[in-house]
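Examining the three-dimensional arrangement
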Amino acid sequence: MYLLTYICWKLIVTLSILVLSTFFNEISKDKEINLILHLHGGNASVADIFCKLMYESKIIFNVFIPEFAFSSGTLITLPADNIYVNKYSMFSPIDSQVE
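So, here's what we can say about the structure. In this text the structure is predicted, and so the values were computed from the model without any measurement.

A word on the overall build of the protein. Within the protein one finds three helices and six strands. When the elements of the protein are put in sequence order from the N terminus, they spell out β-α-β-α-β-β-α-β-β. A buried classification covers 39% of the 99 residues belonging to the protein. The long-range fraction of contacts in the protein, counting pairs at least 24 apart against all pairs at least 6 apart in sequence, stands at 66%. Counting every atom, the protein has about 6,100 Å² of accessible surface; 61% of that belongs to carbon and sulfur.

For Lys-58, which is not a glycine, the phi torsion comes out positive at approximately 65 degrees. With respect to the helices, strands and loops of the structure, Lys-58 is situated in the loop between helix 2 (44-57) and strand 3 (60-65). We classify Lys-58 as exposed; its relative accessible area is 54%. Of note, Ser-71 is a non-glycine position whose phi angle comes to about 50 degrees, a positive value. With respect to the helices and strands, the residue Ser-71 is situated in the loop between strand 4 (68-69) and helix 3 (72-77). Given a relative accessible area of 6%, Ser-71 falls into the buried group.

A word on the environment of Glu-67. Mapping Glu-67 onto the fold places it in the loop between strand 3 and strand 4. Using a relative accessible area of 42% as the deciding quantity, one classes Glu-67 as partly exposed. In the structure, Glu-67 is positioned 20 residues away from Lys-87 in sequence and 9.0 Å away in space, judged by C-alpha atoms. Each residue touching Glu-67, except ones within four places of it in the same chain, is listed here: His-38, Tyr-88, Ser-89 and Met-90.

With that settled, consider the side chain of Thr-74. Structurally, Thr-74 is set in helix 3. Residue classification places Thr-74 among the buried residues on the basis of a relative accessible area of 11%. Side-chain polar atoms of Thr-74 contact the backbone oxygen of Ser-92, separated by 3.0 Å. With sequence-adjacent residues up to four places away left out, Thr-74 is seen in contact with Ala-69, Phe-91, Ser-92 and Ile-94.

Across five bridges, strand 2 (residues 32-37) lies against strand 3 in parallel orientation. What sits directly across from Glu-32, in strand 3, is Ile-60. Considered for its hand, the β-α-β crossover made up of strand 2, helix 2 and strand 3 is right-handed.

Each aromatic ring pair is characterised by the separation of its centres together with the angle its planes make. Following the criterion strictly, the structure yields five aromatic pairs and no others. Ring pairing ties together the aromatic residues Phe-23, Phe-24, Phe-50 and Phe-61, which thus form one cluster. One Lys or Arg, Lys-58, reaches over the ring of Tyr-55 and ends 4.7 Å from the middle of that ring.

Criteria and thresholds
All residue numbers here refer to positions counted from 1 along the written sequence of the relevant chain. Predicted model: local features are reported for residues with pLDDT of at least 70 only, side-chain atom pairs are reported and counted for 80 or more only, and whole-chain, interface and lining totals are derived from all residues. Only hydrogens and water are set aside when side-chain values are computed; all heavy atoms of the structure are taken into account. Numbering of helices and strands starts at the N terminus; helices are DSSP runs of H or I of at least 4 residues and strands are runs of E of at least 2. Here's how the labels work: a residue is buried when its accessible area is under 20% of the maximum for its type, exposed when over 50%, partly exposed in between, all with a 1.4 Å probe on protein chains only. The contact definition used throughout considers only heavy atoms, calling two residues in contact when any of these lie within 4.5 Å. Here the open area of atoms and residues is found with the Shrake-Rupley method and a 1.4 Å probe, where only the protein chains shown may cover a residue. Under the rule applied, a polar contact is a pair of N or O atoms within 3.5 Å (in protein, one hydrogen donor and one hydrogen acceptor; residues adjacent in sequence only if both atoms are side-chain atoms). In this scheme, strands are said to pair when DSSP sees at least two bridges between them. When the strands point away from the viewer, a crossover counts as right-handed if the path from the first strand over the helix to the second runs clockwise. Centres within 6.5 Å make a pair out of two Phe, Tyr or Trp rings, where for Trp the six-membered ring is used; the pair is then stacked when the planes are under 30 degrees apart, edge-to-face when over 60, and tilted otherwise. Charge over a ring is defined by NZ of Lys or CZ of Arg lying within 6 Å of the ring centre and within 35 degrees of the ring normal.

Below you can see the structure in the form of structure tokens.
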């Protein structure tokens, strides 16, 4: 079982997507990954790529939301196999971003 934690969305950059892609490819398909999210939102493009990596990897993803997953954090939660929340967990709508 693996544990990935993102405390602050601003720490996630496109380079980390390449690192995660390599990491997901090296994990055997019978493993689980626990992802703990505390996100105020962020770049929708990076969240979209992360979601595609989660879906294509065929690894079991357990997402834990102890407090909040706003905007892009909500998007990352959707492809998870299991979503764990408590009575204090919060989600928000996915904001559209136009540049």
